[in-house]
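Residue-level structure breakdown
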Amino acid sequence: MKVLTPAVVCAIVLAACGNSSATPLVCTGEAEPAVVITLRDATTQQPVSGATITLSEGASTEVMQDSFDGQYRGGFERPGTYMVEISANQYLSQTIPDV
């Protein structure tokens, strides 16, 4: 079995469309991911697409979106502490707690 090398980037996302100042706030309507994972083959460092990466937090579970370049995005507009489960054909599965 091959080994994956996940690089996890977590962002604190603050989403708000209201303020109390006199300056108007403009909302873009774009959702931002709380977690971005770049998944690479540990030997070749080539991106791995087509994997299943699941974020879990309490009763909430989400399958992350693959952008077909080895980058996966999830936890949109929902910052938190996640358990990440990664599986891909021909690779060892991994679980990363407290992301």
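In every chain, residue numbers begin from 1 and rise along the written sequence. At least 70 in pLDDT is required for a residue's local features to be given in this predicted model, at least 80 for side-chain atom pairs to be given and counted, and no such filter applies to totals for whole chains, interfaces and linings, which use all residues. Hydrogens and water are ignored here; the side-chain numbers use all heavy atoms of the structure.

Attention shifts here to the overall build of the chain. Counting secondary structure elements, the chain contains 0 helices and 8 strands. Helix numbering and strand numbering both begin at the N terminus, where a helix is a DSSP run of H or I of at least 4 residues and a strand a DSSP run of E of at least 2. Element order for the chain, N to C, with α for helix and β for strand: β-β-β-β-β-β-β-β. Classification of residues uses two cut-offs on accessible area relative to the type maximum, computed with a 1.4 Å probe and protein chains only: under 20% is buried, over 50% is exposed, and between them is partly exposed. Out of the 99 residues belonging to the chain, those deemed buried represent 29%. We get accessible surface area from the Shrake-Rupley algorithm with a probe of 1.4 Å; when it comes to residues, only the shown protein chains can shield them. Summed over all atoms, the accessible surface of the chain reaches about 6200 Å², with 54% contributed by carbon and sulfur.

The next thing to look at is the environment of Gly74. Mapped onto the fold, Gly74 is located in strand S6 (residues 71-74). Placed 38 residues apart in sequence, Gly74 and Val36 show a C-alpha to C-alpha distance of 6.6 Å. Should any heavy atoms of two residues lie within 4.5 Å, those residues are counted as being in contact. In this view, Gly74 contacts Pro33, Ala34, Val35, Leu55, Glu62 and Met64; residues no more than four positions away in its chain are not counted.

Positive phi, normally seen in glycine, also occurs at Gln90, with a value near 70°. Mapped onto the secondary structure, Gln90 falls in the loop between strand S7 (83-87) and strand S8 (94-96). Although it is not a glycine, Asp98 sits at a positive phi angle of roughly 60°.

A pair of strands is considered paired only if DSSP assigns at least 2 bridges between the two. Spatially, the 4 strands line up as an open sheet ordered S4-S3-S7-S8, and their pairing is antiparallel. Strands at the two margins of the open sheet, each flanked by one partner only, are strand S4 (60-63) and S8. When strand polarity is set aside, the average angle formed by the axes of neighbouring strands in this sheet is 15°. Of the strand pairs in this sheet, S7 and S8 are connected by 3 bridges, and their pairing is antiparallel. By the bridge assignment, Ile86 is partnered in S8 with Gln94. Note on geometry: axes are C-alpha line fits, over the in-contact stretch for helices, and angles between N-to-C directions span 0 to 180 degrees.

What follows deals with the pairing of S4. Inspection of the sheet shows strand S3 (residues 52-57) paired to S4 by 4 bridges, in the antiparallel sense. Bridging from a neighbouring strand, Leu55 pairs with Glu62 of S4. Two successive antiparallel strands, S3 and S4, enclose a turn made up of 2 residues, where Gly58 displays a positive phi of approximately 60°.

Honestly, that's just the spatial picture; any functional story needs more than this.
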